[in-house]
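# Architecture at a glance
Take a look at the letters that make up each chain.
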Amino acid sequence: MKSATEFAPEHTIATVCPLDCPDSCSLAVTVQEGRVTNIDGSHANPITGGYICAKVRRFGERVYGADRLLYPAIRKGAKGQGSFTRVTWDHALEVIAERMNEARATWGGESILPYSYGGSNGLLTQDTSDATLFRRLGASRLARTVCAAPSGAANLGLYGKMPSVSFEDFPEAKLIILWGVNPSASGIHLVPYVREAQRKGARLIVIDPRTTPLAKHADVHLPVRPGTDLPVALAIHRYLFEEGHADTAFLAAHARGVDQLRERARPWTFERAAAEAGLDARTLQAAAEMYASSSPALIRCGWGQERNRNGGSASAAILALPTVGGKFGVRGGGYMMSNSASWGITRTWIGSDEPDTRIVNMNQLGRALETSDPPIKVLFVYNNNAAATSPDQRRILRGLEREDLFTVVFEQVMTDTARYADVVLPATTFLEGYEIARGYGAFSLRLGRPAIEPAGEARSNADVFGDLIERMGVQREGDPRGELEEMLDVLNRLPGSVGSDLGETGAAVPPYGGRPVQFQDVWPLTTDSKVDLCPAHLDREAPLGLYGYQEDPATPEFPLALISPASERTISSTLAELPRPDVHLLMHPDDAAVRGLEEGNPVRIFNALGEVRCRVSIGAWIRVGTVSLPKGLWRRHTTNGYTANALSPDTLSDLGGGACFNDARVQVERMPDA
Ligand SMILES: Nc1nc2c(c(=O)[nH]1)N[C@H]1C(S)=C(S)[C@@H](COP(=O)(O)OP(=O)(O)OC[C@H]3O[C@@H](n4cnc5c(=O)[nH]c(N)nc54)[C@H](O)[C@@H]3O)O[C@H]1N2
Ligand SMILES: Nc1nc2c(c(=O)[nH]1)N[C@H]1C(S)=C(S)[C@@H](COP(=O)(O)OP(=O)(O)OC[C@H]3O[C@@H](n4cnc5c(=O)[nH]c(N)nc54)[C@H](O)[C@@H]3O)O[C@H]1N2
Ligand code: SF4
Ligand SMILES: [Mo]
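A quick note: this is a predicted structure, and the numbers were derived from the prediction, not measured. (Residues numbered from 1 in each chain as written. Chains lettered and ligands numbered in written order. Predicted model: local features only at pLDDT ≥ 70, side-chain atom pairs only at ≥ 80, totals over all residues. Heavy atoms only, no water.)

### Details of the domain arrangement of the protein chain
The domains assigned to the protein chain are domain 1 (73-135 + 344-430 + 454-494), domain 2 (150-340 + 531-541) and domain 3 (560-670). The C-alpha centroid of domain 2 is placed 38 Å from the C-alpha centroid of domain 1. (Domains from an automatic or database assignment.)

Structure representation (structure tokens):
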């Protein structure tokens with residue numbers, strides 16, 4: 001039977017984009033005869049301002065595209081080949097339940113590994129019935145570290161993840177530092193606020209190995225060598241402390257660990273830091289002087305600085321700057337980092353009565369599939385495309401090829417990972433279900449609603465994990481059943497009036513309002529409300545102690561740093577199924593010249609882990625010694641079926657067990673023309 005919406009004339013549904021993006025846009029989705037005909041921004045979230053990115057405007061092409069998964073299916077060819085036979089939901093879920101029971105009986109619950117991350121960044125599709133199921137089965141637990149783990153550890157340790165500056169307050173700043181962040185691709189709604197601040201006279205510093213669009217408009221651009229932000233930030237601290245620019249009154253009243261930071265910064269003169277980071281020492285000094293002398297001064301810290309061996313300490317040193325420089329307490333001053341913790345939402349109820357099981361770091365999936373004891377026998381992937389997005393791609397693919405591994409992939413489209421599944425399950429998109437979407441840049445928490453019926457037989461995470469809870473016989477009295485009950489359950493558990501506001505108006509505002517001034521409206525969420533500039537647990541965790549610098553891993557054989565930043569084409573690897581122009585490796589003209597490379601030449605990029613083949617594009621907007629491939633590629637985008645992650649080591653960052661994508665060191669050489 002068709003639902004009412006399918007027969008309704010053209011109408012517009014107000015909903016929200018839950019993708020892994022800081023902006024959390026409010027959307028107006030036009031539907032005609034049950035089909036999405038247009039997706040655009042609305043004004044419900046003022047930051048959205050009626051426009052959205054080009055990616056999500058094309059989301060309809062995912063919903064109705066050739067790669068969309070419409071039915072459950074079981075593998076018929078070899079693993080990775082991507083050929084499947086359609087089955088019923090009942091059959092697919094019975095097979096899965098049987099294989100999970102078998103694995104538990106023979107190898108114990110820990111032989112099951114649930115694997116998920118950013119797919120649907122909302123509160124409903126992750127850490128709800130999925131977590132309940134796997135915790136009750138005694139499955140291995142996943143450390144969700146592929147992103148924001150190092151910067152999250154730093155922000156938590158120093159400030160207890162205090163809410164940070166809002167987009168709207170950027171124009172109040174007199175100096176903005178964009179540090180390891182490229183909003184022109186990764187969160188476009190910040191850009192007009194930065195430009196407005198500049199129009200009002202603010203100066204702009206950009207710290208990035210690439211001349212990003214905003215770096216072109218910056219007063220100072222520091223094109224750091226990847227992984228060297230720590231010395232750069234410590235040199236600024238040294239200057240603040242030693243040249244009388246540290247706010248001693250503020251430090252005495254509001255900070256701990258001051259002496260440790262000062263000591264650890266001491267060796268980092270501008271000259272030494274600049275040499276390590278490949279910068280001009282005078283330009284670095286000019287940036288430090290600008291920071292010391294400006295107020296309000298605002299640092300927008302991104303994630304580019306965290307994806308390497310020093311990522312945690314680097315993020316901590318950057319976030320410590322406003323404390324040492326005394327930049328808090330004024331509108332437009334302080335820092336902006338992830339605001340995802342700013343609603344006080346925790347999921348402490350999930351699995352709280354289950355015994356703890358082993359934790360597998362998601363950045364070492366290939367390793368885990370090869371060497372775990374007990375072995376991983378069932379891998380259940382959802383909200384994630386590990387075969388494209390996790391480090392050491394070749395090792396992951398070898399793991400996924402294991403004949404004794406049973407892999408379930410619950411997906412919207414036939415991703416690189418889904419091709420390796422034994423059973424694929426079709427998932428709804430955010431246009432086909434409910435969601436509670438939380439911005440991690442914008443202070444936005446909104447209810448998403450379905451605009452259309454699910455395509456084919458696609459089902460929501462809540463439905464499918466709820467069904468599996470029953471089939472596995474681990475259901476309990478009071479468990480929510482299905483998507484709507486799940487949503488009500490989450491709403492009921494949200495702190496304060498957040499849940500009831502969402503239920504009544506579709507949106508919520510944090511208790512301190514949407515434009516908090518740090519150290520005026522919001523304070524560090526540490527035990528004593530002070531900043532801890534050198535938290536003991538972080539100091540123990542980092543291999544060389546907090547703020548200890550680990551050298552560049554380059555070798556004469558593999559001298560180039562490979563980074564793989566966000567592109568405007570995809571969100572991580574989501575939407576990579578849509579047609580795109582050929583993928584190129586970006587390289588500086590000097591690096592190209594010594595290798596005899598010209599624009600468009602076919603190249604191989606290689607190191608001890610793997611090789612990627614594509615064409616080269618030559619441009620001075622990347623620093624010498626660094627090359628770049630886009631983040632989020634699928635295997636089909638390169639000539640040999642590997643992406644940047646075939647070259648990324650599965651080593652971990654100093655804090656938080658984070659991914660070291662940008663510690664890939666490579667060589668590049670010309671290939672014969674095809
Ligand atoms: N269009 C689009 N938007 C996205 C995403 C996407 O894939 N596409 N991804 C989303 C997700 S999951 C996230 S986490 C955010 C990430 O948001 P961002 O942090 O803005 O994105 P990144 O591309 O990771 O890195 C930002 C910049 O860091 C630079 N960089 C690389 N290494 C270093 C370094 O060592 N030091 C410094 N200072 N800079 C460095 C890169 O050149 C890049 O310009 O964006 C989100 N938004
Ligand atoms: N080389 C390199 N690799 C990187 C990065 C980098 O900078 N460089 N950045 C990393 C970062 S920042 C991140 S966050 C990770 C992200 O890596 P992933 O977590 O793999 O994110 P996506 O590639 O977006 O894949 C998410 C998948 O979830 C699916 N999905 C969406 N909604 C739902 C749902 O409701 N139910 C189900 N079952 N599935 C759903 C989507 O279709 C999509 O295929 O990638 C990391 N990978
Ligand atoms: S991906 Fe980001 S910019 Fe694009 S619609 Fe979603 S929230 Fe807005
Ligand atoms: Mo991310």
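Alright, that's what it looks like, and here's the rest.
### Quick look at the pairing of strand β27 (residues 664-670)
Burial of β27 is extensive: five of the seven residues sit out of reach of the surface. Bridge analysis of strand β22 (residues 560-563) against β27 gives three bridges, and the strand direction is antiparallel. Bridge pairing in β27 places Leu-562 opposite Ala-664. Examined bridge by bridge, strand β24 (residues 602-606) and β27 share four bridges and lie antiparallel to one another. Bridging from a neighbouring strand, Val-603 pairs with Arg-670 of β27. (Buried < 20%, exposed > 50% of the residue type's maximum accessible area, 1.4 Å probe, protein only. Helix = DSSP H or I, 4+ residues; strand = E, 2+ residues; numbered from the N terminus. Pairing = 2+ DSSP bridges.)

### Focus on the site of ligand 1
The environment of ligand 1 is formed by 35 residues, the closest being Ser-186, Asp-208, Asp-229, Ala-566 and Thr-570. Within the contact set of ligand 1, a nitrogen atom lies 3.1 Å away from a backbone nitrogen or oxygen of Ile-207. Between ligand 1 and Ser-572, the relevant distance is 2.8 Å, taken from an oxygen atom to a main-chain nitrogen or oxygen of the residue. Protein coverage of the free-state accessible area of ligand 1, which is 900 Å², stands at 98%. When residues are assigned to domains, the shell around ligand 1 turns out to be shared by domain 2 (150-340 + 531-541) and domain 3 (560-670), each giving three or more. (Near = heavy atom within 4 Å. Polar contact = N/O pair within 3.5 Å; in protein donor to acceptor, adjacent residues only side chain to side chain. Areas by Shrake-Rupley, 256 points an atom, 1.4 Å probe, with all protein chains shown as cover.)

### Comments concerning the packing of helix α5 (residues 129-136) against helix α18 (residues 461-471)
One way to put it is that α5 packs onto α18 with a least axis distance of 8 Å and a crossing angle of 25°. One finds that α5 runs roughly parallel with respect to α18. Helix-helix and strand crossings are classified by hand; for α5 and α18 the assignment is left-handed. Taking contact as the criterion, the partners of Ser-129, Asp-130, Thr-132, Leu-133, Phe-134 and Arg-136 in α5 are, on α18, Asn-461, Ala-462, Phe-465, Gly-466, Leu-468 and Ile-469. Among the residues forming the contact of α5 with α18, the class breakdown is six nonpolar, four polar and two charged. (Axes fitted to C-alpha atoms, helices over the stretch in contact; angles between N-to-C directions. Parallel < 35°, antiparallel > 145°, perpendicular 65-115°, else oblique. Left-handed = near helix turned anticlockwise from the far one by under 90°. Contact = heavy atoms within 4.5 Å. Nonpolar A, V, L, I, M, F, W, Y, C, P; charged D, E, K, R; others polar.)

### Quick look at the packing of aromatic side chains
Under the counting rule described, the total for this entry stands at 21 aromatic pairs. With centroids separated by 6.0 Å and ring planes inclined at 80°, the aromatic side chains of Phe-443 and Tyr-512 adopt a geometry described as edge-to-face. Remark: Tyr-512 occurs in the loop between β20 (507-508) and β21 (531-532) and Phe-443 occurs in the loop between β18 (435-438) and β19 (445-448); sequence separation between them is 69 residues. Between Phe-519 and Trp-523, the ring centres sit 5.2 Å apart and the planes meet at 70°, which makes this aromatic pair edge-to-face. Residue class for Phe-519 comes out buried when judged on its relative accessible area of 8%. (Phe/Tyr/Trp six-rings, centres within 6.5 Å; stacked < 30°, edge-to-face > 60°.)

### A look at the nonpolar core
Core analysis: the biggest nonpolar cluster contains 69 residues, and Leu-158, Trp-179, Leu-284, Leu-533 and Tyr-547 have the highest contact counts within it. Among the elements that make up this core, the one with the highest residue count is helix α9 (residues 229-242) (nine residues). If you look at the next biggest cluster of nonpolar residues, it comprises 30 residues, including Ala-73, Val-146, Ile-376 and Ile-396. (Core = buried A, V, L, I, M, F, W, Y, C linked by side-chain atoms within 4.5 Å.)

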